[in-house]
Amino acid sequence: MGYIEKNLMDGEHIVYEARQHWIIYWLPALLVVIAIVQFVIPTGGTGLLVQCCFAVLLVIVAAIWALNIYGGRKYILTNKRLILKRGIVKRNSLDLVLRRCEGVSISQSIMGRLLDYGTVIVSTGEVTNSFSHIENPVKFSSMINQQIADVNKN
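Description of the structure in this document.

The rules behind the values
Residues numbered from 1 in each chain as written. Predicted model: local features only at pLDDT ≥ 70, side-chain atom pairs only at ≥ 80, totals over all residues. Heavy atoms only, no water. Patch = residues over 30% accessible without salt bridge, like charges linked within 9 Å, V, L, I, M, F, W, Y side chains within 5 Å. Areas by Shrake-Rupley, 256 points an atom, 1.4 Å probe, with all protein chains shown as cover. Salt bridge = Lys/Arg side-chain N within 4 Å of Asp/Glu carboxyl O. Helix = DSSP H or I, 4+ residues; strand = E, 2+ residues; numbered from the N terminus. Core = buried A, V, L, I, M, F, W, Y, C linked by side-chain atoms within 4.5 Å. Buried < 20%, exposed > 50% of the residue type's maximum accessible area, 1.4 Å probe, protein only. Contact = heavy atoms within 4.5 Å. Lys, Arg positive; Asp, Glu negative; His and termini not counted. Polar contact = N/O pair within 3.5 Å; in protein donor to acceptor, adjacent residues only side chain to side chain. Pairing = 2+ DSSP bridges. Axes fitted to C-alpha atoms, helices over the stretch in contact; angles between N-to-C directions.

### Remarks on a nonpolar patch on the surface
Logical step 1: A grouping of Trp 26, Leu 27, Leu 30, Val 33, Ile 34, Val 37, Val 40, Phe 54, Leu 57, Val 61 and Trp 65 is seen on the molecular surface, where their side chains present a nonpolar patch of about 990 Å² in accessible area.
Logical step 2: Secondary-structure elements contributing two or more residues to the nonpolar patch are α2 (26–37) and α3 (46–70).
Logical step 3: Among the elements that line the nonpolar patch, the one with the most residues is α2, at six residues.
Logical step 4: Mapped onto the elements, Leu 57 comes out in helix α3.

Set out below in structure tokens:
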């Protein structure tokens, strides 16, 4: 049982869990490709040792970078709240009560339209909260709107 499941209110259940799009990992993946490609260049002796050390360093940097980008993020929509949880070691959590949400909008670049990712922006009066690089942002925003409508009906 994870953090989200442990902290659900009475009568609350998870409706949808949005994920970040794989595009967020393109730079760390590029570092790994560079680490692999450098072995195509023939060298001998100490040059090979330097190449190996550099490749290992690149892979370590890529792994740390990818872990930092991921950051243990979870975007959870329940029947009462929208929850953003961040952090692996240190945890930050943002809870938006659906009764207070006024609007949902989507921002997508051309690449985002092609690869189906974007930023979902939820406004709660004076404050706006954005959830970036969301996979299938149209579905996420329509699910949020549906839950807002259901909450306001009751």
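That covers the picture; the talk isn't over yet.
### Things to note about the nonpolar core
Logical step 1: Counting 17 residues, the largest nonpolar core has Leu 82, Val 122, Phe 131, Phe 140 and Ile 144 as the members making the most contacts within it.
Logical step 2: Every element with two or more residues in this core is listed here: β1 (14–18), β2 (74–78), β3 (81–86), β6 (117–124), β7 (127–135) and α5 (137–153).
Logical step 3: With four residues, α5 is the largest single contributor of residues to this core.
Logical step 4: Residues in contact with Phe 131, not counting those within four places in the same chain, are Tyr 75, Leu 82, Leu 84, Leu 96, Gly 118, Thr 119, Val 120 and Val 122.

### A few points about unusual backbone geometry
Logical step 1: Positive phi, normally seen in glycine, also occurs at His 133, with a value near 55°.
Logical step 2: Residue position: His 133 is located in strand β7.
Logical step 3: A positive phi angle, near 55°, is found at Asn 136, a position not held by glycine.
Logical step 4: Summarising the element assignment, Asn 136 is placed in the loop between β7 and α5.

### A look at the side chain of Lys 85
Logical step 1: Of note, Lys 85 is situated in strand β3.
Logical step 2: The buried charged residue Lys 85 lacks any salt bridge partner; its closest oppositely charged side chain belongs to Glu 17, at an N-O distance of 9.1 Å.
Logical step 3: Separated by 3.5 Å, the side chain of Lys 85 and the backbone oxygen of Gly 87 make a polar contact.
Logical step 4: With sequence-adjacent residues up to four places away left out, Lys 85 is seen in contact with Tyr 3, Ile 4, Gly 72, Arg 73, Lys 74, Arg 91, Asn 92 and Ser 93.

### Some points on the environment of Ile 64
Logical step 1: Looking at the element boundaries, Ile 64 is found in helix α3.
Logical step 2: Measuring from C-alpha to C-alpha, the distance between Ile 64 and Pro 28 comes to 8.7 Å, with 36 residues separating the pair along the chain.

### A word on the sheet that holds β6
Logical step 1: Taken in spatial order, the three strands line up as β5-β6-β7 in an open sheet, and their pairing is antiparallel. Looking at strand neighbours, the two that pair on one side only are β5 (103–107) and β7, the edges of this open sheet. When strand polarity is set aside, the average angle formed by the axes of neighbouring strands in this sheet is 20°.
Logical step 2: As defined by bridge partners, β5 adjoins β6 across five bridges and the pair is classed as antiparallel. Paired with Ser 105 across the strands is Ile 121, a residue of β6.

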